[in-house]
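Below, each chain spelled out in residue letters.
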Amino acid sequence: MSVRGDFWSIYREALPILLVALGGGLFAGLVLEDILENVERFPGLLVMVPVFLATRGNVYGALGGRISSGLHQGLLDPQFERNDRLVNAVLASLVNGIGISIVIGVITWAALLVLGWEVAALSELVGIMLVAGTLTSVVMIVGLLGLIFAGYNRGYDPDNLVGPIVTTLGDIFGMLFMLFSIGFVEVLA
């Protein structure tokens, strides 16, 4: 295939998912507006938002890269089945996604204390991150695998899909589950 053919192939595959990602990002921004109402109740909350969303991209982008490489190398079939490589990649991502969420809560709390800024209780920040991180991890794994497998089965290159899928799912569900977890922790507090 020529350079021009490669370009148009990538563009054809990536453009629709990028348009969906644009809509997803706008939706996540609307959810952020609702989260802003809780900033006074949970000081430090807004500090955690960009870190939380960035780590969704880091953890699940790595998972998507592993899945994409496995598909290209013939090590994985594009279907949900018991495969040690797939199971190990998913478990590692699940542990990383939930673990880093807890770390975000702890580091945010400690950093704001050191700076002398007002901060919510450690249990509140960690609780918000734990609930949001766990729910987002499950959706990210199922959604990412499902969309990569579906795209691959339709002839799309998963390398062109991973980035936009990860950022879109991470932004939409990260913000939704963060909003949910704020309400959940508020009820418990």
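The shown structure was predicted, so the numbers you read here are calculated from the model rather than taken from an experiment.

Rules used throughout
Residues numbered from 1 in each chain as written. Predicted model: local features only at pLDDT ≥ 70, side-chain atom pairs only at ≥ 80, totals over all residues. Heavy atoms only, no water. Salt bridge = Lys/Arg side-chain N within 4 Å of Asp/Glu carboxyl O. Helix = DSSP H or I, 4+ residues; strand = E, 2+ residues; numbered from the N terminus. UniProt positions renumbered as here; feature names shortened; annotations may be inferred. Core = buried A, V, L, I, M, F, W, Y, C linked by side-chain atoms within 4.5 Å. Buried < 20%, exposed > 50% of the residue type's maximum accessible area, 1.4 Å probe, protein only. Contact = heavy atoms within 4.5 Å. Patch = residues over 30% accessible without salt bridge, like charges linked within 9 Å, V, L, I, M, F, W, Y side chains within 5 Å. Areas by Shrake-Rupley, 256 points an atom, 1.4 Å probe, with all protein chains shown as cover. Axes fitted to C-alpha atoms, helices over the stretch in contact; angles between N-to-C directions. Parallel < 35°, antiparallel > 145°, perpendicular 65-115°, else oblique. Left-handed = near helix turned anticlockwise from the far one by under 90°. Nonpolar A, V, L, I, M, F, W, Y, C, P; charged D, E, K, R; others polar.

A.B. asks: I'm lost on the pattern of salt bridges in this one. Help?
C.D. replies: If the charged atoms of two oppositely charged side chains come close together, the side chains can form a pair. Within this structure, the stated rule accounts for two salt bridges. Measuring nitrogen to oxygen at the nearest pair gives 3.9 Å for the salt bridge that ties Arg41 to Glu186. A residue pair is termed long-range when its members are at least 10 positions apart, and Arg41 in the loop between helix H1 (3-36) and helix H2 (45-72) and Glu186 in helix H5 (residues 158-188) qualify at 145 residues.

A.B. asks: I tried to follow the UniProt feature "domain: SLC41A/MgtE integral membrane" (unreviewed entry) in the chain on my own but got confused; where do I start?
C.D. replies: The sites that UniProt annotates as "domain: SLC41A/MgtE integral membrane" (unreviewed entry) are residues 49-179. Annotated as residues 49-179, this span is 84% helix and 0% strand, and its ends, taken at the C-alpha atoms, are 11 Å apart.

A.B. asks: What should I look at first to understand the nonpolar core in this one?
C.D. replies: In summary, soluble globular proteins display a tendency toward joint burial of nonpolar side chains. The biggest cluster of nonpolar side chains holds 22 residues, and the ones touching the most others in it are Ile128 and Met178. When residues of this core are traced back to their parent elements, those giving at least two are H1, H2, helix H3 (84-115), helix H4 (122-153) and H5. Residues in contact with Met178, not counting those within four places in the same chain, are Ile35, Val49, Phe52, Ile128, Met129, Ala132 and Phe173. Listed in part, the 21 residues of the second largest apolar core include Leu86, Leu161, Val162 and Val166.

A.B. asks: I'm lost on a nonpolar patch on the surface in this one. Help?
C.D. replies: Together, Trp8, Tyr11, Leu15, Leu19, Leu22 and Leu26 give the surface a local cluster of nonpolar side chains, amounting to about 630 Å² of exposed area. The partly exposed category is assigned to Leu15, whose relative accessible area is 32%.

A.B. asks: I'm lost on the packing of H2 against H3 in this one. Help?
C.D. replies: Running from N to C, H2 and H3 point in directions that differ by 165°, and their axes come no closer than 10 Å. If you check the angle between H2 and H3, you find them roughly antiparallel. For H2 against H3, the interelement crossing comes out right-handed. Here the residues of the contact of H2 with H3 sort into 15 nonpolar, seven polar and two charged.

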